[in-house]
Amino acid sequence: MNKTQLNEKHVSLGAVMVDFADWHMPLHYPAGIIEEHCATRRSCGLFDISHMGRLLITGAGSLSFLQHVLTGNAGALEPGKAQYTMLPDGDGGAFDDAYLYCLEKDRYLLVVNAANKDKDLKHLLPLLPRYREVQYQDITGSLAMLSIQGPESRRIFLTLFGDKVLPEAGRNNLSIFPWKGAELIAARTGYTGEPLGFELFVPKENADILWDALTGSGAFPVGLGARDTLRLEAGLPLYGHELGLDAEGKPIPIFACPLSRFAVSFNPGKGGFIGREALERQFEDYRNIVTRHFDGLKFLPRIVRFFYMLDRGIARQECRVFSGGVEIGWVTSGTSVPFLKFEGEGLEQKPGTETGQRSLGMALIDANIEENAEVEIEVRGKMLKALIVPYHLRSEAYPFSRPILYGPAAAAPPAYPSAAAGSRATAGTLLSKAIVNTTWRQKECINLIPSEMTQSPLV
C-alpha cells in the first residue's frame, strides 16, 4: 500500500487509517468526522491530499497535446492560472476529472484522481508521440500536496508566507515562490465549497515542516470522511459516483455532471479534441433541458440533481429514485451532513456553537424532473420522501459558506408586503425608494459593486 510523506504524522495523531485507492490514508482523527467538517466551515481544515496523481507536462508541444486530450480550453490559461477539466473518451464519457495548473509557459501540472492515475496514463501515454517536444513526468511521489480550506485559511497563509506571495483574489489563481529552500506552489483551489482556501504543493521533504507550520497556525487536521461530506454538501462530483459508470454499468455523459459547463469548452482554437462531437450533441440536449424542452432528449436522458430528504433516513449510493411510482434513476452520493447554525443578523452573522444534521445527496435522474419536485427514494425497502433542490450550500457571503435548509428546518422568507396584502401606498413607497436608489447609483457615486446583486424588496 502506498503511503504519503505524512503517514507517520497521521498515525501519531491517532487517525483511523484506511485503504483508499491503494493508499494508506486517514479516515478521521480523534475529534471525528462531524467536528472536522464543522471546523473547516467555521475556521480552517487541513487535508493531506498527496495521494492525488500529479503529472508534469512540459515542452513546446504541451499546449497542443493538452488541448486534444482535455475538455477545457488550456489555451486560455496564462501562467498563474488553473482550470477544472476532464479527460474525455470518444463517446462523451469521462476517463477522469482533473485540475490543470499553468505554472509557466509550456509547463503544466495536471492533478488527477488517485484511483484513476494508472488508467489515465494508459490512455494518455500512447498519444504523446503524436506531439513533438512534449515531456511527461509522474511527480506524485516527489511532490506533496496539502490543502487548507475555510474562513481562516487566508489569515494562516499570510501568517506563514506574507502578502507578497498571496495569489490574486479569485478562484483558480496561483503563485509560485521559494520557501524553506525549495519551490512552493499555492493555488486558490479546493474541494470543499469554501470561498477561501488554498492547495499547496511542496517537495515531499518539506511536507512535515509545512504540516507543522499549518497546524501551529490554527489549521485543523481533516480526514477523508469529512472531505467527502464537505464536497457532497458543496455539490461537487466524485469520480465513481457522479462521473464514470452509472448503477447499470453504463457510462455517465459528461454533461450530466453539475460542473460540466465549467469543464468543457468548444472554443474553435481547441480543434477536434477527443469526444468533441459527442459532447456537442450532449450540449444541445443540455440547452434544451435548461430551457425546459424535454422532448427528444437522446444524448442526455438523465442528469445529476441535488436532493434533500424530507422523511427521516439516509439515502446512499444506488438507492433507487421514484416519481409517481415510476423509477427515474439512482442516488449517486448521499449521507447525513452536519451544518453550522448562524447567530446574529445581516452582515454581523457568524457561525455559532450549535450544529445540526441533514440528510442530502445527489442523484442521476430523468432530465425532466425539475427543481422543487417531490420524489421518493427507496431506502432499505421503505419509500422516503425527498425534495429536488438547486443546491445545499452557498458561498457568496464572504468569508463563510452557508447551508441552505429546506423543509421544516428552513427559515421563513422575509416578510415583504404581498400583492394581496399590500396597497397602492406601499407599492408607491417602494417604487420611490427604488428610483432614488437608482439615481444615486448611476449619477451620485462611483459604483464599485458588481452588477449581480440581491434584488430589492420592490422586485
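Everything below is about the structure printed above this text.
Residues numbered from 1 in each chain as written. Predicted model: local features only at pLDDT ≥ 70, side-chain atom pairs only at ≥ 80, totals over all residues. Heavy atoms only, no water.

**Student:** Is there a simple way to think about helix α9 (residues 276-290) in this case?
**Tutor:** Note: α-helices contain 3.6 residues per turn, so residues at a spacing of three or four share the same orientation. Taking 1.5 Å per residue, 15 residues should reach 21 Å; α9 reaches 20 Å between its end C-alpha atoms and fits that length. When α9 is considered as a whole, its buried residues turn out to be Arg276, Ala278, Leu279, Gln282, Asp285, Tyr286 and Ile289. Along its buried surface, α9 packs onto α8 (260-263) and β15 (302-309). Positioned one or two residues after α9, Arg292 has a phi angle of 65°, which is positive. (Helix = DSSP H or I, 4+ residues; strand = E, 2+ residues; numbered from the N terminus. Expected span 1.5 Å × (residues − 1). Buried < 20%, exposed > 50% of the residue type's maximum accessible area, 1.4 Å probe, protein only. Contact = heavy atoms within 4.5 Å.)

**Student:** Just to check I follow, could you spell out the sheet that holds strand β18 (residues 350-366) for this structure?
**Tutor:** Working definition: the strands of a sheet are paired by backbone hydrogen bonds and lie parallel or antiparallel to each other. The sheet built from six strands closes into a barrel, its strands ordered β15-β18-β17-β16-β19-β20 with antiparallel pairing. Neighbour-to-neighbour, the strand axes of this sheet turn through a mean angle of 45°, independent of strand direction. Pairing between β15 and β18: seven bridges, direction antiparallel. Counterpart to Phe307 in the pairing with β18 is Gly361. Docked against the sheet, helix α7 (residues 224-233) engages β17 (326-343) and β18, running at close to 105° with respect to β17. (Pairing = 2+ DSSP bridges. Axes fitted to C-alpha atoms, helices over the stretch in contact; angles between N-to-C directions.)

**Student:** Explanation requested: a nonpolar patch on the surface in the structure shown.
**Tutor:** A cluster of nonpolar side chains, namely Leu431, Ile435 and Leu458, defines an oily patch on the protein surface of about 260 Å² accessible area. As for its placement among the helices and strands, Ile435 is situated in helix α10 (residues 424-443). Under the relative-accessibility criterion, Ile435 is labelled partly exposed at 48%. (Patch = residues over 30% accessible without salt bridge, like charges linked within 9 Å, V, L, I, M, F, W, Y side chains within 5 Å. Areas by Shrake-Rupley, 256 points an atom, 1.4 Å probe, with all protein chains shown as cover. Salt bridge = Lys/Arg side-chain N within 4 Å of Asp/Glu carboxyl O.)

**Student:** Got a minute to help me understand unusual backbone geometry in this structure?
**Tutor:** Glycine aside, negative phi is the norm for most residues, and most peptide bonds take the trans geometry. Going from Tyr398 to Pro399, the amide bond is cis rather than trans, its omega being 5°. Relative to the helices and strands, Pro399 is located in the loop between β21 (393-394) and β22 (402-403). In the Ramachandran plot, Glu318 falls in the positive-phi region, its phi being about 80° despite a non-glycine side chain. Within the secondary structure layout, Glu318 lies in the loop between β15 and β16 (320-323).

**Student:** Sorry, what's going on with the sheet that holds strand β14 (residues 220-221) here?
**Tutor:** Across the sheet, six strands lie side by side as β11-β12-β13-β10-β4-β14; this open sheet has mixed pairing. If you trace the sheet from one side to the other, it starts and ends with β11 (174-179) and β14, each paired once. Summarising the sheet, strand β10 (residues 143-149) and strand β13 (residues 197-203) pair through seven bridges and their orientation is antiparallel. Bridge pairing in β13 links Met145 to Phe201.

**Student:** Explanation requested: empty space enclosed by the protein in the structure shown.
**Tutor:** Any empty space left between atoms is shown by rolling a water-sized probe over those atoms. Under the definition given, this model contains three cavities of 30 Å³ or more. When its volume is computed, the largest cavity comes out at roughly 60 Å³. Lining the largest cavity, in full, are His10, Met25, Pro26, Tyr29, Phe47, Asp48, Ile49, Val222, Gly223, Leu224 and Arg227. Breaking the lining of the largest cavity down by element, the ones donating at least two residues are β3 (23-28), β4 (45-48) and α7. (1 Å grid on protein atoms, 1.4 Å probe; cavity = no way out; pocket = protein on both sides within 12 Å on 5 of 7 lines; lining within 4 Å. Points joined across faces, edges and corners; volume = space filled by probe spheres on them.)

**Student:** What am I meant to see in the side chain of Lys117 here?
**Tutor:** Checked against the element boundaries, Lys117 lands in helix α4 (residues 117-124). Residues within four places of Lys117 in sequence aside, it is in contact with Gly53, Leu55, Val112, Asp138 and Thr140.

**Student:** Looking at this structure, I do not really get the side chain of Glu36. What am I missing?
**Tutor:** As for its placement among the helices and strands, Glu36 is situated in helix α2 (residues 33-42). Put simply, Glu36 is tucked away with no salt bridge, and the nearest opposite charge, on Arg227, sits 11 Å away. A polar contact is formed between the side chain of Glu36 and the backbone nitrogen of Tyr29, at a distance of 2.7 Å. Residue contacts for Glu36: discarding those within four places in its chain leaves His28, Tyr29, Phe220, Pro221, Val222, Gly223 and Ala226. (Lys, Arg positive; Asp, Glu negative; His and termini not counted. Polar contact = N/O pair within 3.5 Å; in protein donor to acceptor, adjacent residues only side chain to side chain.)

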